[in-house]
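In case you want the letters, here they are:
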Amino acid sequence: LDVVRHLCDALTYAHRYTVHRDIKPENVWINHDGSIKLMDFGIARLMTGSQMTQASTVLGTAYYMAPEQLIGAKHVDHRADQYSVGVLVYELLAERIPTGRFKPLTEVRDDISQGISNAVDIALEGYPEDRHLDMAEFSQALQEGGKGRKRSAKKTARATNARSTKSSANQGNTFTSAFSYLDNVFKSRPTKWVGAVLSI
């Protein structure tokens, strides 16, 4: 939750000017001092009319892309990034990507509060207008949901209003990811990832 809170703060600022469009674990890094780094704005688009008119252009990483990105919608806004963060949070907690008719987090893990599950469900809504209003609202919902310990019998709330441990050296600075699940994946297939990094 602490990592995601910082990520949401970064996106809240970024969304004043641009949409990242490629949020995924590989682009979320943590420095030794604990600071969160949101990397790779390579396919971000400035939020101006002249630069948001490219229709039928699909950019991003498929598993983390919002539905509107997948179909190449003409207008993709900050709520697409929120969807991607929702996928990331779900993967971190459930150790699986939420594809198809995925189960709520409360049905995957007994230690997840209903509040966190609800917040993620809303972020993963298919229509942008059904998601949280912005990243600040999503972050607040997650933090408040994290205070609850017990699961509630209340059904998942739906929104009604417009709402990545792998080390890498870079010029002497080593960043360490806080995502332990993905760290296990990296360690189990080191050759593949080293090859991919060298290729890049």
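Residues numbered from 1 in each chain as written. Predicted model: local features only at pLDDT ≥ 70, side-chain atom pairs only at ≥ 80, totals over all residues. Heavy atoms only, no water.

Asker: What should I look at first to understand the nonpolar core in this one?
Answerer: Soluble globular proteins tend to bury their nonpolar side chains together. Of all hydrophobic cores here, the largest spans 30 residues; its most connected members are Leu11, Val85, Leu105, Val120, Phe138 and Leu142. Top element by residues in this core is helix α3 (residues 78-94). It accounts for 8 residues. Apart from the residues within four sequence positions on either side, Leu142 is in contact with Leu1, Val4, Ile116, Ala119 and Val120. (Core = buried A, V, L, I, M, F, W, Y, C linked by side-chain atoms within 4.5 Å. Buried < 20%, exposed > 50% of the residue type's maximum accessible area, 1.4 Å probe, protein only. Helix = DSSP H or I, 4+ residues; strand = E, 2+ residues; numbered from the N terminus. Contact = heavy atoms within 4.5 Å.)

Asker: Please clarify how the packing of α3 against helix α5 (residues 114-123) should be interpreted in this entry.
Answerer: How two helices pack is summed up by the angle between their axes together with the distance between the axes. Running from amino to carboxyl end, α3 crosses α5 at an angle of 140°, the nearest separation of the two axes being 8 Å. Classified by the angle their axes make, α3 and α5 are oblique. Where α3 crosses over α5, the two elements pack in a sense that is left-handed. Across the interface between the two elements, Gln82, Tyr83, Gly86, Val89, Tyr90 and Leu93 of α3 pack against Ile116, Val120 and Ala123 of α5. Partitioned by chemical class, the residues of the contact of α3 with α5 number 7 nonpolar, 2 polar and no charged. (Axes fitted to C-alpha atoms, helices over the stretch in contact; angles between N-to-C directions. Parallel < 35°, antiparallel > 145°, perpendicular 65-115°, else oblique. Left-handed = near helix turned anticlockwise from the far one by under 90°. Nonpolar A, V, L, I, M, F, W, Y, C, P; charged D, E, K, R; others polar.)

Asker: Just checking my understanding: could you explain the pattern of salt bridges for this structure?
Answerer: Close approach of charged atoms lets side chains of opposite charge pair. Within this structure, the stated rule accounts for 5 salt bridges. The salt bridge involving Asp77 is made with Arg79; its shortest N-O contact spans 2.6 Å. Neither residue differs from the other here; Asp77 and Arg79 are each classed as buried. Among the salt bridges present, the one from Asp111 reaches Arg109, with a minimum N-O distance of 2.6 Å. (Salt bridge = Lys/Arg side-chain N within 4 Å of Asp/Glu carboxyl O.)

Asker: When you look at the side chain of Ser84 in this model, what are you seeing that I'm missing?
Answerer: Counting through the fold element by element, Ser84 comes out in helix α3. Judged by its relative accessible area of 1%, Ser84 is buried. With residues up to four places along the chain from it excluded, the contact list for Ser84 reads Ile23, Tyr64, Met65 and Gln69.

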